[in-house]
Amino acid sequence: MAEVVLKDVVKNYGNVYAVNNVSFTVEHGEFVALVGPSGCGKTTTLNLIAGLIPMSGGDIAIGDRIVNDLDPKDRDIAMVFQNYALYPNKSVFKNLAFPLQMRKLPKEEIARKVNDAAKLLDITHLLDRKPRELSGGQQQRVALGRALVRDPAVFLMDEPLSNLDAKLRVQMRSEIKRFHHNLNATVVYVTHDQLEAVTMADKMAVMNGGLLQQYDSPANVFAHPVNTFVASFVGSPAMSLIPLDVATQGTETSLRSPEEGWELPLSPMNARKANASSNGKVVLGARHSTLKLHRQAVPGAVPGKVYTVEPTGDVTFAQVFISGAVVNISLDPSVVIAPDEKVWVEFDQERMHLFDGQTTMALQAA
Amino acid sequence: MSIATGRATAPLAAGTTRKRAGILSRIIAHRTDYLYVLPALIVMLVVIAFPIYYTIELSFFRTPPNLQMRDKIWTGLSNYSTVLNSSVFHEVTIQTIIWTIASTVFAFLLGLGAALALHREFAGRGLLRALLLIPYVISAVAASYVWKWLYHSDFGVIGAISVALGITDEPINFLDNRQTVLASLIVVNIWKEFSFAMVMLMAGLQTVPDQLHRAAQVDGANTWDRFWHVTVPHLKGVSMVTILLLMVANFNSFIIPFVMTGGGPADASHIWITHIYQLAFGRQQWGVASAYAVILFIVMMTFGYFYVKALTRGDETRAGD
């Protein structure tokens, strides 16, 4: 096991920067998820760590070695691919044996290691089969086995669950988590599904447009998103964002809807944050569970109009138009509410987020 | 056990007989449908079935002195014994086998090399690919004439270059020499055919998933290992088809030997088809040529049967196990 250090890593194709000055450290035995929308550079980052594509700049260290110029095979890594990438003409046994065979290990040792790995992943009964005779989950397990059998310093996983159906994905999610726990393995895991990242990872690296947005524990990323991108990407449903103006009258600071004219008074702490805005505009962020819905006007609530109501069983989500933005609110399923109904939404001053209207960065109290 | 088998076979047998009856009644029930395909069926009979029948018929007759085949003379199986006992037939058969195997093997290997080289990205790849396709698209007759001149013992470029470089003292006589003529023609044939193999294999290479190569790279495979463990298994199917098509084309080759040497000198560059052509249209031995063609037909069908069987068995195991 080893740590992985990325320092100012750059990958550009001409003027297009797929990965732009990305730095982070994966500690021993840590499970780090690289997460972001399609084209954000997460898979490119993983391929750079693997050495499958050459870097344009920066350094990558695995353990105590700089691996910038090393071939993938010399980096002491193993990789699990999205489509499993099992050798279709080889049996499961030979698939698992292949990386050991390439390292010219003696036959008996290969057989022993393959059998150990197979036992660990519960695929011993599949060893004679060909990959196409296996279900998606079984293929995924074989792919994990092929990575595991070599006892690498770092496991790299490229969206390993995205080809599985929803039910199997949840099951394999816990299996991979268990796998990480049992082996105390260092894992770098790429996914576009923020839920996977939040549920599995010790830390998540949120990427967008080739840039690392935030690198922290899922709880911290969830509680303190650094900008509106992270705020809207992490969490399901996403954090609702409402662009508003800062209005100051004497010592009182409030947020004013540029469209509807209402004002929302701020607590002293939030007022200081709002006053730090660079252009007098802020984006108010709030998660569905921090909002309260009222049928009458109450102090600290702003007016809105119900757009849709989505019951999911144990919780009902209402989407409400507030100042032109759609805001998600979770409700008790017993609440009866209809589209186009006029409602008032109360914000929790302790748990609201304020972002700069221009830079989109989270505002700090000055 | 026996009861079980009895049970298993009885409905099966009943099923087959029912199916047989079914086909006939289905034809009657759908007679209009069959009426629609009848013209095509008649054309097929006229252009394929009739020539085959007529060739077989001719193979039992001898050309009459007046060369009119309506007065043809019955000879029974003597044409067949003439062909099978002729030393030229044996010589030509060996030449045909050499021609077919050497052309197929080298055209395939050269095509594979070219396809692998062109699979990588590099500057000028498109241009090189277009250049390498020229042999395939050029007319075989034109190419044969060009090569005939390249090989020419007095005016040939190849001879001139080899003398200029001091490799030989005088130009090699490629075509007018029993020892070198077949090899020289095979070289032309390989040149003509390798781009076909190249195109087929280039298409095959595109079906190899990139992720497999990456996986193999991470697993520690070097370039050769990756070629052997990832690329080759993926090319198996397209290779079998390419080799089959090349073999069939080479067994049936005609243009290159016919245009460049006419089978000479002293039959040294004859292959089956040129020899049959010479017997039929050079010496008017229609019956012998037909018997020859029938023998070839049987050989080719047997070969094709086993090859296709091997090919489909491979497919079944690949899909089934």
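Residues numbered from 1 in each chain as written. Chains lettered and ligands numbered in written order. Predicted model: local features only at pLDDT ≥ 70, side-chain atom pairs only at ≥ 80, totals over all residues.

**Some thoughts on the overall build of chain A**
Under the convention used in this document: Helix and strand assignments follow DSSP, with helices taken as H or I runs no shorter than four residues and strands as E runs no shorter than two, numbered in order from the N terminus. Each residue is classed by its C-beta neighbour count within 10 Å, where at least 20 other C-beta atoms makes it buried, 12 or fewer makes it exposed, and intermediate counts make it partly exposed; the C-beta atoms are placed from backbone geometry. Our contact criterion uses C-beta atoms placed from the backbone: two residues qualify when those atoms are within 7 Å.
Each helix and strand counted, chain A has nine helices and 20 strands in total. C-alpha atoms of chain A, sized along the principal axes, occupy 80 × 45 × 35 Å. Across the 366 residues of chain A, 41% fall into the buried class. Considering only contacts in chain A between residues 6 or more positions apart, those separated by 24 or more positions represent 66%.

**Thoughts on the overall build of chain B**
Our working definition: Radius of gyration here uses only the C-alpha atoms, and the compact-globule reference equals 2.2 Å multiplied by the residue count raised to the power 0.38.
Scanning chain B from terminus to terminus reveals 13 helices and two strands. Its C-alpha radius of gyration of 26 Å places chain B more than 25% over the 20 Å reference for a compact globule of 321 residues. Referenced to the eigenvectors of the C-alpha coordinate spread, the extents of chain B come out at roughly 85 × 75 × 45 Å. Here chain B, with 321 residues, has 27% of them falling under the buried criterion. A separation of at least 24 residues holds for 64% of the contacts in chain B among residues at least 6 apart in sequence.

**Section: helix α9 (residues 210-218) of chain B**
Where α9 of chain B is concerned, the buried positions are Leu-212, Arg-214, Ala-215, Ala-216, Gln-217 and Val-218 of chain B. Note on α9 of chain B: the residue one or two positions beyond its end, Gly-220 of chain B, has a positive phi of about 100 degrees.

**So, the packing of helix α5 (residues 125-137) of chain B against helix α8 (residues 181-205) of chain B**
All names here are of chain B. Heads up, the condition is: Note on definitions: angles span 0 to 180 degrees between N-to-C directions of axes, and those axes are lines fitted to C-alpha atoms, for helices only across the stretch in contact. The cut-offs work like this: below 35 degrees is roughly parallel, past 145 is roughly antiparallel, 65 to 115 is roughly perpendicular, and the gaps in between are oblique. The sense of a crossing depends on the near helix, which, turned anticlockwise from the far helix by less than a right angle, makes the crossing left-handed and, turned clockwise, makes it right-handed. Residues are grouped as follows: nonpolar covers Ala, Val, Leu, Ile, Met, Phe, Trp, Tyr, Cys and Pro; charged covers Asp, Glu, Lys and Arg; every other residue, Gly included, is treated as polar.
α8 packs onto α5 with a crossing angle of 120 degrees between their chain directions and a minimal axis gap of 7 Å. On the basis of their axis angle, the class for α5 and α8 is oblique. Note on packing geometry: the crossing formed by α5 with α8 is left-handed. Taking contact as the criterion, the partners of Leu-132, Leu-133, Pro-135 and Tyr-136 in α5 are, on α8, Trp-191, Lys-192, Ser-195, Phe-196 and Met-198. In the contact of α5 with α8, the residues fall into seven nonpolar, one polar and one charged.

**Section: the sheet that holds strand β5 (residues 65-66) of chain A**
All names here are of chain A. To keep it simple, the criterion reads: Following DSSP output, two strands are said to pair if at least two bridges run between them.
Taking strand neighbours across the sheet as the criterion, the four strands line up as β2-β1-β4-β5 in an open arrangement whose pairing is antiparallel. The sheet is open, and its two borders are formed by β2 (16-26) and β5, each paired with just one other strand. As paired strands, strand β1 (residues 4-13) and β2 are joined by seven bridges and run antiparallel to one another. The partner of Val-5 across the bridge, within β2, is Thr-25. The strands touched by helix α1 (residues 42-50) within the sheet are β1, β2 and β4 (57-62), with β2 carrying the most contacts at an inclination of about 65 degrees.

**Here's the deal with the domain arrangement of chain A**
Stated precisely, the cut-off is as follows: Domain segmentation is taken from an automatic or database assignment of domains.
Here chain A is partitioned into domain 1 (4-226) and domain 2 (240-356). A straight line from the C-alpha centre of domain 1 of chain A to that of domain 2 of chain A covers 40 Å.

**Considerations on the sheet that holds strand β3 (residues 31-35) of chain A**
Residue and element names in this part refer to chain A. With respect to topology, six strands assemble into an open sheet ordered β6-β7-β8-β3-β9-β10, the strand pairing being mixed. Taken across any chain shown, the strands that pair with only one partner, and hence form the sheet edges, are β6 (77-80) and β10 (211-216). Put simply, the sheet's adjacent strands are angled 15 degrees from each other on average, direction ignored. Judged from the four bridges that link them, β3 and strand β9 (residues 203-208) form a sheet pairing that is parallel. When the bridges of β9 are listed, Leu-34 appears paired with Ala-205. In the packing of helix α4 (residues 136-148) onto the sheet, the strands contacted are β6 and β7 (154-158), and the crossing angle to β6 comes to about 175 degrees.

**Topic: the domain arrangement of chain B**
All names here are of chain B. If you check the domain split of chain B, you get domain 1 (15-78) and domain 2 (87-320). Inter-centroid distance (C-alpha atoms) of domain 1 to domain 2 is 34 Å. If you look at the interface, domain 1 gives ten residues, while domain 2 gives eight residues. Taken together, the elements giving at least two residues each to the side of domain 1 that touches domain 2 come down to α2 (31-58) and β1 (61-62). Per element, the largest residue contribution to the side of domain 1 that touches domain 2 is three residues, and it comes from α2.

**Re the pairing of strand β18 (residues 325-331) of chain A**
Residue and element names in this part refer to chain A. Alignment of strand β17 (residues 316-322) against β18, held across seven bridges, turns out to be antiparallel. Bridge pairing in β18 links Ala-318 to Ile-329. Counting the residues that bridge the hairpin from β17 to β18 gives two residues, and of these Ser-323 lies at a positive phi of roughly 50 degrees.

**A short note on the interface of chain B and chain A**
Taken residue by residue, the interface counts 14 residues in chain B and 17 residues in chain A. Within the residue set of the side of chain B that touches chain A, elements represented by two or more residues are α9 and α10 (223-251) of chain B.

**A closer look at the packing of α9 of chain B against α10 of chain B**
The relative placement of two packed helices is expressed as an angle between their axes plus a distance between the axes. Residue and element names in this part refer to chain B. Running from N to C, α9 and α10 cross one another at 135 degrees; their axes reach a closest spacing of 10 Å. Considered as vectors, α9 and α10 are oriented oblique to each other. In this structure, α9 meets α10 at a crossing whose hand is right-handed. Of the residues in α10, those in contact with Leu-212, His-213, Ala-216 and Gln-217 of α9 are Asp-225, Arg-226, His-229 and Val-230.

**Digging into the nonpolar core**
We apply this condition: For this entry, the nonpolar core is defined as buried Ala, Val, Leu, Ile, Met, Phe, Trp, Tyr and Cys residues connected by C-beta atoms within 7 Å.
Among the nonpolar cores identified, the biggest contains 108 residues, and Met-79, Leu-156, Val-188, Tyr-189 and Val-282 of chain A are the most heavily contacted of them. With six residues, helix α2 (residues 92-102) of chain A is the single largest residue contributor to this core. Sequence-distant contacts of Met-79 of chain A, defined by excluding residues within four places in its chain, comprise Ala-50, Ala-147, Leu-156 and Asp-158 of chain A together with Ala-215 and Val-218 of chain B. The next biggest cluster of nonpolar side chains, apart from the first, holds 43 residues, and it includes Leu-185, Ala-197, Met-202 and Trp-272 of chain B.

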